[in-house]
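Reading the structure
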Amino acid sequence: NGTIINKPFLGNENAKIVIVEFGCFACPNTKKAVLEVKKLIKNYGEEVKLVYLDFPIPTHKFSYEASLAANCVWINNPEVYWDYNFEIFDNQNKLSDDLLKELVSDVGADVNKFNKCLANNESKHLVDENYESGINSNVYGTPTFFINGKPYVGVVSYKMFKEAVKSEKSNI
């Protein structure tokens with residue numbers, strides 16, 4: 001699937017089980033899913049590749065801004081992208097432009113490159129591309145996961161992830 005090439009991922013890049021998450025940084029349910037995703041990667045990181053695609057829900061305040069910010073970190077400092085991603089969720093209840101900038105230095109990303117990226121709208125095409133990909137995949141809420149193409153809408157528990165991974169392994 002071309003939409004997940006050069007996108008942020010956790011786990012094994014060459015895994016046969018690919019999980020695509022469409023998430024919104026300002027969505028309480030996407031935040032709830034973070035713990036389940038972390039547990040999945042901790043226990044199945046060698047067997048799965050989890051790709052995060054932005055799907056900022058327009059009614060969620062600061063969702064689009066957070067996606068723009070996260071993608072600026074991805075463009076300039078991909079090695080700290082996941083730290084930044086998780087920091088946004090950890091601070092979801094107080095998202096603001098200032099906080100998004102503050103978190104950049106907290107995770108050790110290049111603040112000057114980040115500011116330039118935001119000022120020049122360099123990450124807009126990535127966010128819009130991810131969102132468009134979600135629309136084309138019939139995503140209507142976050143989080144939505146696709147496990148080897150099969151949709152799972154809402155917070156997927158670790159137990160459900162585990163069962164899906166086992167099921168997919170038996171099909172490989």
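Heads up: the structure comes first, above all this text.
The notes below deal with the structure included here. (Residues numbered from 1 in each chain as written. Predicted model: local features only at pLDDT ≥ 70, side-chain atom pairs only at ≥ 80, totals over all residues. Heavy atoms only, no water.)

On to unusual backbone geometry. The amide bond that connects Thr142 to the next residue, Pro143, takes the cis arrangement and shows omega of -5 degrees. Relative to the elements of secondary structure, Pro143 occurs in the loop between α6 (124–136) and β4 (144–147). At Phe62, a residue that is not glycine, the phi angle is positive and equals roughly 70 degrees. For Phe62, the position within the fold is in the loop between β3 (48–54) and α2 (63–76). Look at Asn138: it is not a glycine, yet its phi comes out positive at around 65 degrees. (Helix = DSSP H or I, 4+ residues; strand = E, 2+ residues; numbered from the N terminus.)

A few words now on the packing of α2 against helix α3 (residues 81–90). Axis separation between α2 and α3 bottoms out at 9 Å; the angle between their running directions is 160 degrees. It follows that α2 is roughly antiparallel to α3 by the angle criterion. Of the two elements, α2 crosses α3, and the hand of that crossing is right-handed. Facing Ala66, Ala69, Ala70, Val73 and Trp74 of α2, the residues of α3 in contact are Tyr81, Tyr84 and Ile88. When its residues are assigned to classes, the contact of α2 with α3 shows eight nonpolar, no polar and no charged. (Axes fitted to C-alpha atoms, helices over the stretch in contact; angles between N-to-C directions. Parallel < 35°, antiparallel > 145°, perpendicular 65-115°, else oblique. Left-handed = near helix turned anticlockwise from the far one by under 90°. Contact = heavy atoms within 4.5 Å. Nonpolar A, V, L, I, M, F, W, Y, C, P; charged D, E, K, R; others polar.)

Taken as a whole, this structure holds one disulfide when the rule is applied. Each sulfur in the disulfide pair Cys72 and Cys117 lies 2.1 Å from the other. Measuring the twist about the S-S bond at about -85 degrees, one finds the Cys72-Cys117 disulfide to be left-handed. Separated by 45 residues along the polypeptide, Cys72 in helix α2 and Cys117 in helix α5 (residues 111–119) bring together distant segments of the chain. Not part of a disulfide, Cys27 finds its nearest cysteine sulfur in Cys24, a span of 5.5 Å. (Disulfide = S-S within 2.5 Å.)

With that settled, consider empty space enclosed by the protein. The gaps left among the atoms become clear once a water-sized probe is rolled over them. If you walk through the whole model with that rule in mind, you get one cavity of 30 Å³ or more. Space inside the largest cavity adds up to approximately 50 Å³. Lining the largest cavity, in full, are Glu21, Thr30, Val34, Val37, Tyr52, Trp82, Asn85, Phe86 and Phe89. Breaking the lining of the largest cavity down by element, the ones donating at least two residues are α1 (28–44) and α3. Sort the elements by how many residues they give to the lining of the largest cavity and α3 lands first, with four residues. Classifying every residue of the lining of the largest cavity by side-chain character gives six nonpolar, two polar and one charged. (1 Å grid on protein atoms, 1.4 Å probe; cavity = no way out; pocket = protein on both sides within 12 Å on 5 of 7 lines; lining within 4 Å. Points joined across faces, edges and corners; volume = space filled by probe spheres on them.)

In this structure the tally under the stated criterion is five salt bridges. With its nearest N and O atoms 2.6 Å apart, the salt bridge here joins Asp128 to Lys124. In this pair, Asp128 and Lys124 are both assigned in helix α6, four residues apart and thus about one turn of the helix distant. Classification of Asp128 by relative accessible area gives partly exposed; the value is 28%. The exposure class assigned to Lys124 is partly exposed, which follows from its relative accessible area of 33%. We note a salt bridge from Lys150 to Glu168, for which the minimum N-O separation is 2.4 Å. Of this pair, Lys150 sits in strand β5 (residues 150–153) while Glu168 sits in helix α7 (residues 158–171), and the two are 18 residues apart along the sequence. (Salt bridge = Lys/Arg side-chain N within 4 Å of Asp/Glu carboxyl O. Buried < 20%, exposed > 50% of the residue type's maximum accessible area, 1.4 Å probe, protein only.)

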